[in-house]
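Read off the chains here:
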Amino acid sequence: MWCEVVSLLRSLGSALVSYFDAKKKRKVAEIYQALNSDPIDVAALRRMAISEGGLLTDEIRRKVWPKLLSVNTDDLPPLPGKELREDNKDYQQVLLDVRRSLRRFPPGMPDDQREGLQEELIDIILHVLKRNPQLHYYQGYHDIVVTFLLVVGNRLATALVEKLSTHHLRDFMDPTMDNTKHILNYLMPIIDQVNPEVHDFMQSAEVGTIFALSWLITWFGHVLSDFRHVVRLYDFFLACHPLMPIYFAAVIVLHRKQEVLECECDMASVHHLLSQIPQDLPYESLISKAGVLFVQFPPSKLAKEAAQAERTAASTFKDFELASVQQKPDTVLRQRFRERLRGEERLRGEERTKSILTKPRTNRFVKLAVMGLTVALGAAALAVVKSALEWAPKFELEIFP
């Protein structure tokens, strides 16, 4: 009997492997079909980058990432030279950050190879800043640049990073953090739309959104240890609207809702919990959920709430350290407060549910309800692609020879 069970499990395992191999081969074929179309089918490439598994391999990424960013690989700039380091105001800070980036390189890489890549990383950053004086270096920028360097090599990375810096990353590279903080202000309205209880708990704890800053400005490259997960997210973000990383940050918080609600309701405790990002996240599921949330609650619908948060974000940010030191929460009182908050939230949730059920549904939301949170390519991915192309119409029109 036991032998029969083992044999059956082996057969099932082989069948699953065959199924996933066939699925991967179909996707690879679809990607190359889009690449070989005349003109190149950029919308299809975006769908492939968003859908389950992303672009699958670094070899494919080297071909597709330039198309997603509308970079002509036949006309790349020359390699950056060492002369950029002379009298460069950013050189010392870039050097310090790059020297601290050891964990971003594959484990076991020979020291001389890693050191050579670090030198290339410095040159790429300085080259982009030299050519674009309106851009300002920020700590964490090197975490994004090193990802491109490791995947596509220094010359192509230079072109891709320059285009990315003047588009998706542009708000992070202003002289001040005002625009970056404004983007962070979208986080709480997204959470509120999905789970008001978590939103209100975080508001009561006065945790703010600073815990997600490094996630946002490095596209999670600084906080994820597995390079496979980093490049999978880069596939997703490159194919989408530039605010998609903040939606992904929101689904991470929502994924951990039980941990959040069981945490001590004070700034220091909740900030510590959320800033320690788990490494075993269900990435494909979260990517799908982020896409669905973008369709349901696009930035245009959240702009008012984000603007209201703007008025309080600055004071919360400045007072973070002081509040963390001075707060001495009473455990019993805070436990009672949480219980009361949850009771009130359940009542509000029932009223909200009744309200939602009585509202007429559009065809789009009916489709989303049917689709659920599947990781398969569907209406959400198509809508996200459409929004990306609408955001950057020049990308759509610039077809490569």
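Residues numbered from 1 in each chain as written. Predicted model: local features only at pLDDT ≥ 70, side-chain atom pairs only at ≥ 80, totals over all residues. Heavy atoms only, no water.

## Notes on the overall build of the protein
Here's step 1: Helix and strand counts for the protein stand at 22 helices and 0 strands.
Here's step 2: Partitioning the intrachain contacts of the protein with sequence separation of at least 6 by distance along the chain shows that 79% fall at a separation of at least 24.
Here's step 3: Per element, the accessible surface of the protein, about 20500 Å² overall, is 55% carbon and sulfur. (Helix = DSSP H or I, 4+ residues; strand = E, 2+ residues; numbered from the N terminus. Contact = heavy atoms within 4.5 Å. Areas by Shrake-Rupley, 256 points an atom, 1.4 Å probe, with all protein chains shown as cover.)

## Looking at the packing of aromatic side chains
Here's step 1: Scanning the model with the defined rule gives 15 aromatic pairs in all.
Here's step 2: Both rings, one in F211 and one in W215, keep their centres 5.6 Å apart while their planes meet at 75°; by these two values the pair is edge-to-face. (Phe/Tyr/Trp six-rings, centres within 6.5 Å; stacked < 30°, edge-to-face > 60°.)

## Details of helix α15 (residues 267-275)
Here's step 1: Of the positions making up α15, those classed as buried are M267, V270, H271, L273 and L274. With its buried residues spanning 165° around the axis, α15 presents them on a single face.
Here's step 2: Where α15 begins, the side chain of D266 points an oxygen toward the backbone nitrogen of A268, at a separation of 3.2 Å. (Buried < 20%, exposed > 50% of the residue type's maximum accessible area, 1.4 Å probe, protein only. Arc of directions from axis to C-beta. Polar contact = N/O pair within 3.5 Å; in protein donor to acceptor, adjacent residues only side chain to side chain.)

## As for the nonpolar core
Here's step 1: Ranked by size, the top nonpolar core spans 113 residues in total, and within it W65, F220 and F248 carry the most contacts.
Here's step 2: For this core, the element with the highest residue contribution is helix α13 (residues 244-255), accounting for 10 residues.
Here's step 3: The contacts of F220, once residues within four sequence positions are left out, are W215, V230, L233, F237, P245, F248, A249, I252 and I277. (Core = buried A, V, L, I, M, F, W, Y, C linked by side-chain atoms within 4.5 Å.)

## Details of the environment of Q193
Here's step 1: The topology assignment puts Q193 in helix α9 (residues 187-194).
Here's step 2: Taking relative accessible area as the criterion, Q193 reaches 34% and is therefore assigned partly exposed.

## Regarding the packing of α13 against helix α16 (residues 283-296)
Here's step 1: As a packed pair, α13 and α16 sit with axes 9 Å apart at the nearest point and diverge in direction by 120°. Taken as axis vectors, α13 and α16 run oblique relative to one another. Of the two possible hands of crossing, α13 and α16 adopt the one that is right-handed. Within the contact between the two elements, α13 uses M244, Y247, F248, V251, I252, L254 and H255 and α16 uses Y283, L286, I287, K289, A290, G291, L293 and F294.
Here's step 2: Among the residues forming the contact of α13 with α16, the class breakdown is 12 nonpolar, 2 polar and 1 charged. (Axes fitted to C-alpha atoms, helices over the stretch in contact; angles between N-to-C directions. Parallel < 35°, antiparallel > 145°, perpendicular 65-115°, else oblique. Left-handed = near helix turned anticlockwise from the far one by under 90°. Nonpolar A, V, L, I, M, F, W, Y, C, P; charged D, E, K, R; others polar.)

## Topic: the environment of M177
Here's step 1: Locating M177 in the fold gives a position in the loop between α7 (154-165) and α8 (178-184).
Here's step 2: Judged by its relative accessible area of 35%, M177 is partly exposed.
Here's step 3: C-alpha of M177 to C-alpha of Y138: the two residues are 39 residues apart in sequence and 9.7 Å apart in space.

## Some thoughts on the side chain of H142
Here's step 1: Within the secondary structure, H142 sits in helix α6 (residues 141-152).
Here's step 2: A distance of 3.4 Å separates a polar atom in the side chain of H142 from the backbone oxygen of D97.
Here's step 3: Those residues within four positions of H142 in sequence are excluded, and the remaining contacts are D97, V98, S101, L121, I125 and Y137.

## Regarding the confidence of the model for the protein
Here's step 1: The share of residues in the protein with pLDDT of 70 or more is 72%, and the mean pLDDT across the chain is 81.
Here's step 2: Counting interchain partners and residues more than four positions distant, the pLDDT-below-50 stretch residues 391-401 has 23 contacts. (pLDDT = per-residue confidence, 0-100.)

## Some details on unusual backbone geometry
Here's step 1: The omega angle of the peptide bond from D38 to P39 is 5°, so this bond is cis rather than trans.
Here's step 2: Locating P39 in the fold gives a position in the loop between α1 (2-36) and α2 (42-50).
Here's step 3: Look at E206: it is not a glycine, yet its phi comes out positive at around 55°.
Here's step 4: For E206, the location among the structural elements is in the loop between α10 (196-205) and α11 (213-217).

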